[in-house]
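Single-letter residue listing:
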Amino acid sequence: MKESATFHIIEREEWKKLNSEGIAPLSSKELDELKGLNDQISITDVEEIYIPIVHVLDVYLKNYEQLQVKKNKFLKNETSQNTYIIGIAGSVAVGKSTTARLLQTMLSRVYKDKSVEMITTDGFLYPNKILQKKGIMNRKGFPESYDMNRLIAFLGDVKNGKPAVVSPVYSHEYYDIIQGEEHVLKQPDILIVEGINVLQLPANQQIYISDFFDFSIFVDAEAKLIEKWYLERFGLLLGTAFKEPGNYYYSYAQGNREDAFEMARGVWENVNLKNLKEYISPTKNRAELIIHKTENHYIDQLLLKKY
């Protein structure tokens, strides 16, 4: 095992030996339903990578529960269990959504007596009409494009045990917040919060989003690889979802394919790559666990924080 100042650096061959269960708690068909477009995750990855991650989470969760009991006893409060919140960060197209869905399913199987929910911070983007009014439509995904006050209030309500907490719903099909739709959380035992911005420092707020997290994960890869995955996914969507009338990218699916890719490369260069370099990658050392990927989404290394 290699070491850095703050992380245990564990190669895949060593990490997979931490799996004491052996068999994945889901089928290949179930895994296919959880995978994101163009994500190459396999049952072998589940067994060698994700089962040990669940073991790590179990250690942290048990310690959290014990601490809550002792704290309530000290304060002479009635014993109450707060929601355990896991944050998952990383670039667009790096596979963090698949990681979030997979962990939600696996944790639900492991903790049959607990409710495990998941949300994405996309729902806290400002609606397009507000982004246009602010003149930052071309900065969508950057820190200023999110309603951070609303997101922080939402996480505070979840942590404080509010019976029902409402969040907006974002549509990747329409590339906008869906007016009139909402997602309601009812005191989950475990909540997974996935988004590119979950480990970022606040611009004006005194509270970080990550202040609400009990464990955080960063899905990492070289920028050139992520660009490749982004463009591959874009190409697949051109032939599927983008062909649906009403989709934000419908006109590109109907037009010249090279023009569409030229637009996508521009979005990567001017928006996603810039956001990755300036705001996303600098936050990875704040995570408790970094999942590092190479070609074909192959996970070669995991970095677990020492303290």
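Residues numbered from 1 in each chain as written. Predicted model: local features only at pLDDT ≥ 70, side-chain atom pairs only at ≥ 80, totals over all residues. Heavy atoms only, no water.

### Quick notes on the overall build of the protein chain
To keep things clear, this is the line we draw: Numbering of helices and strands runs from the N terminus, with a helix taken as a DSSP run of H or I at least four residues long and a strand as a DSSP run of E at least two residues long. Here the term buried applies to any residue with accessible area under 20% of the maximum for its type, exposed to any over 50%, and partly exposed to those in between, with areas from a 1.4 Å probe on protein chains only. Contact criterion: two residues are considered in contact whenever any of their non-hydrogen atoms come within 4.5 Å of each other. Method for areas: the Shrake-Rupley scheme with a 1.4 Å probe, in which residue coverage is limited to the protein chains shown.
In terms of helices and strands, the protein chain carries nine helices and ten strands. Dimensions of the protein chain, computed from the C-alpha atoms along their principal axes, are close to 65 × 45 × 40 Å. Going through the 307 residues of the protein chain one by one, you find that 49% of them count as buried. In the protein chain, the proportion of contacts linking residues at least 24 apart, taken out of those at least 6 apart, comes to 71%. Total accessible area on the protein chain stands at roughly 15,500 Å², and carbon and sulfur atoms take up 50% of it.

### Side note on empty space enclosed by the protein
Quick note on the threshold: Using only the protein atoms, space was sampled on a 1 Å grid; points where a 1.4 Å probe fits but cannot get out form cavities, open sets with protein on both sides within 12 Å along at least five of seven lines form pockets, and lining residues are those with an atom within 4 Å of a point. Grid points are joined across faces, edges and corners, and a volume is the space filled by probe spheres set on the points. Note that Gly is not counted as nonpolar here; it falls among the polar residues with everything else outside the nonpolar set of Ala, Val, Leu, Ile, Met, Phe, Trp, Tyr, Cys and Pro and the charged set of Asp, Glu, Lys and Arg.
Tallied over the entire structure, the rule returns one cavity of 30 Å³ or more. Reported here for the largest cavity is a volume of approximately 60 Å³. In terms of lining, the largest cavity is formed by Asp39, Ile41, Asp45, Tyr50, Gly95, Thr98, Thr99, Lys293, His297 and Ile299. Taken together, the elements giving at least two residues each to the lining of the largest cavity come down to α3 (43-74) and α4 (96-110). Across the lining of the largest cavity, the residue classes break down as three nonpolar, four polar and three charged.

### Notes on the pairing of strand β10 (residues 299-305)
To keep it simple, the criterion reads: A pair of strands is treated as paired once DSSP finds two or more bridges between them.
Counting buried positions along β10 yields six of seven residues, so the element is predominantly enclosed. Two elements, strand β2 (residues 7-11) and β10, share five bridges in a ladder whose sense is antiparallel. Bridge pairing in β10 places Ile9 opposite Leu303. Sheet topology note: the strand β9 (residues 289-293)/β10 ladder contains five bridges and is antiparallel. Within β10, the residue paired with Ile291 across the bridge is Leu302. The loop that links β9 with its antiparallel partner β10 comprises five residues; one of these, Asn296, has a positive phi angle of about 60°.

### Details of the side chain of Thr105
Position of Thr105 relative to the elements: it lies in helix α4. Beyond its immediate chain neighbours, meaning those up to four positions away, Thr105 contacts Leu26 and Leu34.

### A look at the nonpolar core
So the rule is basically this: Buried Ala, Val, Leu, Ile, Met, Phe, Trp, Tyr and Cys residues form a nonpolar core when they are joined through side-chain atoms within 4.5 Å.
Within the largest apolar cluster, 87 residues are counted, with the highest numbers of intra-cluster contacts made by Ile53 and Ile86. Among the elements that take part in this core, α3 stands out by supplying ten residues, more than any other.

### Looking at the environment of Phe212
With respect to the helices and strands, the residue Phe212 is situated in the loop between β7 (190-194) and β8 (215-220). Taking the relative accessible area as the measure of exposure, Phe212 reaches 14% and is therefore buried. Separated by 61 residues in the primary sequence, Phe212 and Leu151 place their C-alpha atoms 11 Å from one another.

### Some words on the environment of Thr240
Note on placement: Thr240 falls in the loop between α7 (223-238) and α8 (250-254). Accessibility expressed as a relative area gives 47% for Thr240, which makes it partly exposed. Separated by 13 residues in sequence, Thr240 and Ala253 place their C-alpha atoms 8.8 Å apart.

### So, helix α6 (residues 148-159)
Cut-off, in case you're wondering: Expected helix span is taken as 1.5 Å per residue step, with the number of steps being one fewer than the number of residues.
The first and last C-alpha atoms of α6 sit 16 Å apart over twelve residues, in line with the 16 Å expected at 1.5 Å per residue. All of the buried residues along α6 are Met148, Leu151, Ile152, Phe154, Leu155, Gly156, Val158 and Lys159.

### Section: α4
The end-to-end C-alpha distance of α4, which contains 15 residues, comes to 21 Å, matching closely the 21 Å that a straight helix rising 1.5 Å per residue would cover. Looking at α4, one finds that the buried residues are Lys96, Thr98, Thr99, Ala100, Leu102, Leu103, Thr105, Met106 and Leu107.

### Some thoughts on the packing of aromatic side chains
The relation between two aromatic rings is expressed through the spacing of the ring centres and the mutual angle of the planes. For clarity, the cut-off: Stacked, edge-to-face and tilted are the three classes for Phe, Tyr and Trp ring pairs, Trp counted by its six-membered ring, which pair at centre distances within 6.5 Å; planes under 30 degrees apart are stacked, over 60 edge-to-face, the rest tilted. Should the NZ of a Lys or the CZ of an Arg lie within 6 Å of a ring centre and within 35 degrees of the ring normal, that charge is described as sitting over the ring.
Scanning the model with the defined rule gives 13 aromatic pairs in all. The interplanar angle of 85° and the centroid separation of 5.9 Å between the aromatic rings of Phe142 and Tyr279 together place this pair among those described as edge-to-face. With Phe142 in the loop between α5 (128-134) and α6 and Tyr279 in helix α9 (residues 257-280), the pair connects residues that are 137 residues apart, well separated along the chain. Overall, Phe142 belongs to the buried group, its relative accessible area being 0%. According to the relative accessible area criterion, Tyr279 is partly exposed, its value standing at 29%. For the ring pair Tyr249 and Tyr252, a centre distance of 6.1 Å and an interplane angle of 55° mean the geometry is tilted. One aromatic cluster is present, built from ring pairs that chain together Tyr175, Phe234, Phe242, Tyr248, Tyr249, Tyr252 and Phe261. Lying across the ring of Phe142, Arg139 places its NZ or CZ 3.8 Å from the centre. Directly above the aromatic system of Tyr175 lies the positively charged group of Lys140, at a separation of 3.7 Å from the ring centroid.

### Quick word on the sheet that holds strand β3 (residues 84-90)
What links the strands of a sheet is backbone hydrogen bonding, and the strands pair in either a parallel or an antiparallel sense. Heads up, the rule is: Under this scheme, a helix contributes an axis fitted over its contacting stretch, all axes are lines through C-alpha atoms, and angles between N-to-C directions fall in the 0 to 180 degree range.
Within the open sheet, the eight strands sit side by side as β1-β2-β10-β9-β8-β3-β7-β4. Their pairing is mixed. Each edge of the open sheet carries a strand with a single partner, namely β1 (2-3) and β4 (116-120). On the sheet, α3 packs against β3, β7, β8, β9 and β10 and is oriented at approximately 10° with respect to β10.

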